[in-house]
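# Survey of secondary and tertiary structure
Chain residues, written in single-letter form:
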Amino acid sequence: MKNKVITAAAVLCATVLVAIIAFDFFMSASFSSSFIAMNTTVSADIKGLKAEEAYREISEELKWLDSFLLSRTSEESQIYKLNNGKTDIDPEPAKLLSSIKDIEEKSNFSFCVGLGQLTDLWGIGTGSARLPRADEISSAIKDAEKWQISGNTVDLPDGVKLDLGAAGKGIGCDYASDILQKYKCKSAVVAVGGSVLLHSTDKDEVFTIGIRNPKGDINEPAAIIEIKACCVSTSGTYERFFEQDGKRYHHIFDPSTGYPAKSGLQSVTVISSSGLVSDALSTACLVLGFEESLPLLKEFDAQAVFITDENKVMTTPDFEGLKIADSNFTLVN
Ligand code: AMP
Ligand code: MG
């Protein structure tokens, strides 16, 4: 009898052990792949029992988000329809546009999605980029800030076109985050162009992220940051530009002048719990410059790393976990 009890206990222990090992194995199952959406490569590295299902859904959802909500060129998209005379939109994009309007206002319109006409005029990144005449620029920025949203109705002043290029990739990270939570994924890194979602169910997990050397190769970090689950977006003057008569013109515009921002910064990396906020604020801060960005970042409880034109690296106060990775850069705060 005693032997039987011992045997039964041993079998139970072994079963529990096998179950624990199997659970751990499946939870650490992983899936990595990439696809194209939002004019960029989206790469995902996901850990969890349903990593592959989560990846498939992220891929479908981000392509849908691009084609049916955010794209300026897909005739099916809500933004395309607004830019072409429609005034009513679905509740989902209406909610996004309300959040965007709030960020525009708080950033004092250094982030402004009403710049569609200006980005078309310069054509940076299209192969037909040019330096527009001053009168073309002033007419393209006129009224850009004055678009309005009320409920599901959007009012675009004559000539104003929306361009969500400065926020779309961060919004993509927010959609991906919801899917990773739905599938209870353990940990993931999803990079949507310059916006990266770091997801973890372990509040202590630390991710190591490189901040690109603005004058170097994609795999040459100027600095390394160690951070917990969040969204990280970088805006850089090196991403898209053209040169004319020995002058370089980049793709992030100061909405008050209509010319490429001259804030003394080559890049800004913003860290936030929200993808939309990190993406929108990285663009805003690149326009505002270091000092003027600090109150805005504080308002959104976000942190940032700035790289100046002179290769100086600065952070928001109390930011920890940054290491310089290239001796051409100096940490100055
Ligand atoms: P990002 O790389 O997120 O900074 O976004 C840059 C893109 O956003 C540009 O290619 C333009 O399409 C658009 N853009 C440029 N300047 C601004 C601005 N000040 N506010 C909002 N969108 C902008
Ligand atoms: Mg942005």
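Preceding this paragraph is the structure being described.
Just so it is clear, the model here is predicted, and its values are computed rather than measured.

## A short note on the site of ligand 1
Residues in close proximity to ligand 1 total 18 residues, the closest being Ser110, Asp163, Ser235, Phe253 and Thr283. Side-chain polar atom of Asp163 to an oxygen atom of ligand 1: 2.7 Å apart, as the coordinates give it. Protein contact buries 93% of the 500 Å² of open area that ligand 1 shows by itself.

## Some points on the environment of Ile307
Counting through the fold element by element, Ile307 comes out in strand S13 (residues 303-308). Relative accessible area serves as the criterion here: at 1%, Ile307 is assigned to the buried category. For the pair Ile307 and Ile89, spaced 218 residues apart in sequence, the C-alpha separation works out to 39 Å. In contact with Ile307, not counting residues within four places along its chain, are Ile211, Arg212, Pro214, Ala222, Leu265, Gln266, Ser267, Lys312, Val313 and Phe329.

## Topic: helix H4 (residues 91-106)
Taking 1.5 Å of rise per residue, 16 residues should cover 22 Å, and H4 covers 23 Å from first to last C-alpha, within 8% of that figure. Along its buried surface, H4 packs onto helix H2 (51-70), helix H3 (78-83), strand S3 (148-150), strand S4 (153-155), helix H7 (168-182) and helix H8 (275-288). Of the residues one or two after H4, Asn108 is the one with positive phi, at around 60°.

## Brief notes about the coordination of the magnesium ion (ligand 2)
Looking at the magnesium ion (ligand 2), one finds its protein donor set to be Ala166 (O), Asp279 (O), Asp279 (OD) and Thr283 (OG1), positioned 2.1 to 2.5 Å from the metal centre. One chain supplies every donor for the magnesium ion (ligand 2), spaced along it as A-x112-D-x3-T. Residue Ala166 is found in the loop between S4 and H7, and its partner Asp279 is found in helix H8; the two are separated by 113 residues along the sequence.

## Here we look at the sheet that holds strand S7 (residues 207-212)
Read across the sheet, three strands follow the order S7-S8-S15 without closing on themselves; strand pairing throughout is antiparallel. Both edges of this open sheet fall to S7 and strand S15 (322-324), since each of them pairs with a single strand only. Here the strands of the sheet are splayed against their neighbours by 25° on average, with no regard to which way each runs. Across six bridges, S7 lies against strand S8 (residues 221-227) in antiparallel orientation. Across the sheet, residue Gly210 finds its bridge partner in S8, namely Ile224.

What counts, and at which threshold
Residues numbered from 1 in each chain as written. Chains lettered and ligands numbered in written order. Predicted model: local features only at pLDDT ≥ 70, side-chain atom pairs only at ≥ 80, totals over all residues. Heavy atoms only, no water. Near = heavy atom within 4 Å. Polar contact = N/O pair within 3.5 Å; in protein donor to acceptor, adjacent residues only side chain to side chain. Areas by Shrake-Rupley, 256 points an atom, 1.4 Å probe, with all protein chains shown as cover. Helix = DSSP H or I, 4+ residues; strand = E, 2+ residues; numbered from the N terminus. Buried < 20%, exposed > 50% of the residue type's maximum accessible area, 1.4 Å probe, protein only. Contact = heavy atoms within 4.5 Å. Expected span 1.5 Å × (residues − 1). Donors = N, O, S within 2.8 Å, 3.2 Å for Na, K, Ca; no water. Pairing = 2+ DSSP bridges. Axes fitted to C-alpha atoms, helices over the stretch in contact; angles between N-to-C directions.

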